[in-house]
Amino acid sequence: MPNVAFLGLGVMGSPMAGWLQRKGHSVTVFNRTAAKAQRWCEQYGGQAAATPVAAVQGAEIVFSCVGDDPDLRAIALGAGGVIAAMRPGTIFVDHTTASADLAREIAAAGNARGVHCLDAPVSGGQAGAENGKLTVMVGGEAAPFATAEPVIRSFSHNVRLLGPAGSGQLTKMVNQIAIAGVVQGLAEALNFARKAGLDVATVIDTISKGAAQSWQMENRWKTMSDGKFDFGFAVEWMRKDLRICLQEARNNGAELPVAALVDQFYADVIGMGGKRWDTSSLIARLNRHEKG
């Protein structure tokens, strides 16, 4: 059971690190808010470190899950970054949803020091992290992936190596592009069904048995209809992910007209005060003139 470090104890990182501890790994954690790291230790055991560099001392695999490119760059490559502090032969596994360019930059910095780097963004949301059922999309080399995979499976049920450095991040972009279109389509369908005077529950029970079926439909139609949006990934984070998708599309020439439009719809939701609502809150935008 390799010793591991986990950097970043947000809504995803905290339960992911918890699963590593439950599975028998010796886990050292770091979080910018030290009190959160102490609470994690009280809940799961393990130990907390005062700095990222201190956390990775003696770790064979280092995990990170932070907010965005600037956070990841700081913790991996900045002053006091962990890549320079890790021993040759160790593995850095980053679960942040970030740009593919930064994933490649970190991999190059790691290669120069003999540190193996895997970009490994996740899908499944907070519930997936808490239940240990995440999907993990990995970019990097096969040998370190083979070493890290059984450890990653401590908090996931689907782990795939997609290609060289950056491939995990690119695959997560594909995931978010697909979700954006599906959620908007479901929002429009539910809004239309209600305005048409149909019994929405009966309609969904019928069409969910056919080609319209999706995870979003099965898991979110009822809460969307009820105007409840506290069940998953926050709108402000989805906008961050879509920004990354749209930037990559500008680089590779892909056209993302629907993703760009939905990104603007999410901006409207934020304008309604919904930055912490989950992504299914697109329907609130369609219903906004009916309130009161």
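**Let's talk about the layout of surface pockets**
- Approximately 1500 Å³ is the volume attributed to the largest pocket.
- Taken together, 49 residues make up the lining of the largest pocket; nearest its centre are V11, M12, Q126, F233 and W237.
- Of all the secondary-structure elements, those providing two or more residues to the lining of the largest pocket are helix 4 (69–76), strand 7 (122–123), helix 6 (125–131), helix 8 (167–195), helix 10 (215–225) and helix 11 (235–252).
- Taken together, the residues of the lining of the largest pocket sort by class into 19 nonpolar, 19 polar and eleven charged.
- Around the second largest pocket, the lining comprises 13 residues; the ones closest to its centre are R194, M224, S225, I283 and N287.
- When residues of the lining of the second largest pocket are traced back to their parent elements, those giving at least two are helix 8, helix 10 and helix 13 (282–287).
- Looking at the lining of the second largest pocket residue by residue, the class counts come to six nonpolar, four polar and three charged.

**Topic: the pattern of salt bridges**
- Inspection of every chain in the model, using the stated rule, returns eleven salt bridges.
- Its salt-bridge partner being D68, residue R243 comes within 2.6 Å of it at the nearest N-O pair. Of this pair, R243 sits in helix 11 while D68 is found in the loop between strand 4 (61–64) and helix 4, placing the two residues 175 residues apart along the sequence.
- Relative accessible area serves as the criterion here: at 15%, D68 is assigned to the buried category.
- A salt bridge links K240 to D241; the shortest N-O distance between them is 3.1 Å.

**Looking at the nonpolar core**
- Judged by nonpolar contacts, the single largest core of 32 residues is most densely connected at F6, V29, F63 and V93.
- Within the residue set of this core, elements represented by two or more residues are strand 1 (4–7), helix 1 (13–22), strand 2 (27–30), helix 2 (34–44), strand 4, strand 5 (91–94), strand 8 (134–139) and helix 7 (142–152).
- If we ignore the near neighbours within four places in the chain, the residues touching F6 are G13, M16, A17, L20, V27, T28, V29, F30, F63 and C65.
- In this structure, A100, M173, F229 and I283 belong to the second largest nonpolar core, which totals 30 residues.

Definitions and limits used
- Residues numbered from 1 in each chain as written.
- Predicted model: local features only at pLDDT ≥ 70, side-chain atom pairs only at ≥ 80, totals over all residues.
- Heavy atoms only, no water.
- 1 Å grid on protein atoms, 1.4 Å probe; cavity = no way out; pocket = protein on both sides within 12 Å on 5 of 7 lines; lining within 4 Å.
- Points joined across faces, edges and corners; volume = space filled by probe spheres on them.
- Helix = DSSP H or I, 4+ residues; strand = E, 2+ residues; numbered from the N terminus.
- Nonpolar A, V, L, I, M, F, W, Y, C, P; charged D, E, K, R; others polar.
- Salt bridge = Lys/Arg side-chain N within 4 Å of Asp/Glu carboxyl O.
- Buried < 20%, exposed > 50% of the residue type's maximum accessible area, 1.4 Å probe, protein only.
- Core = buried A, V, L, I, M, F, W, Y, C linked by side-chain atoms within 4.5 Å.
- Contact = heavy atoms within 4.5 Å.

Everything listed is a geometric property; what it means functionally is a separate question.
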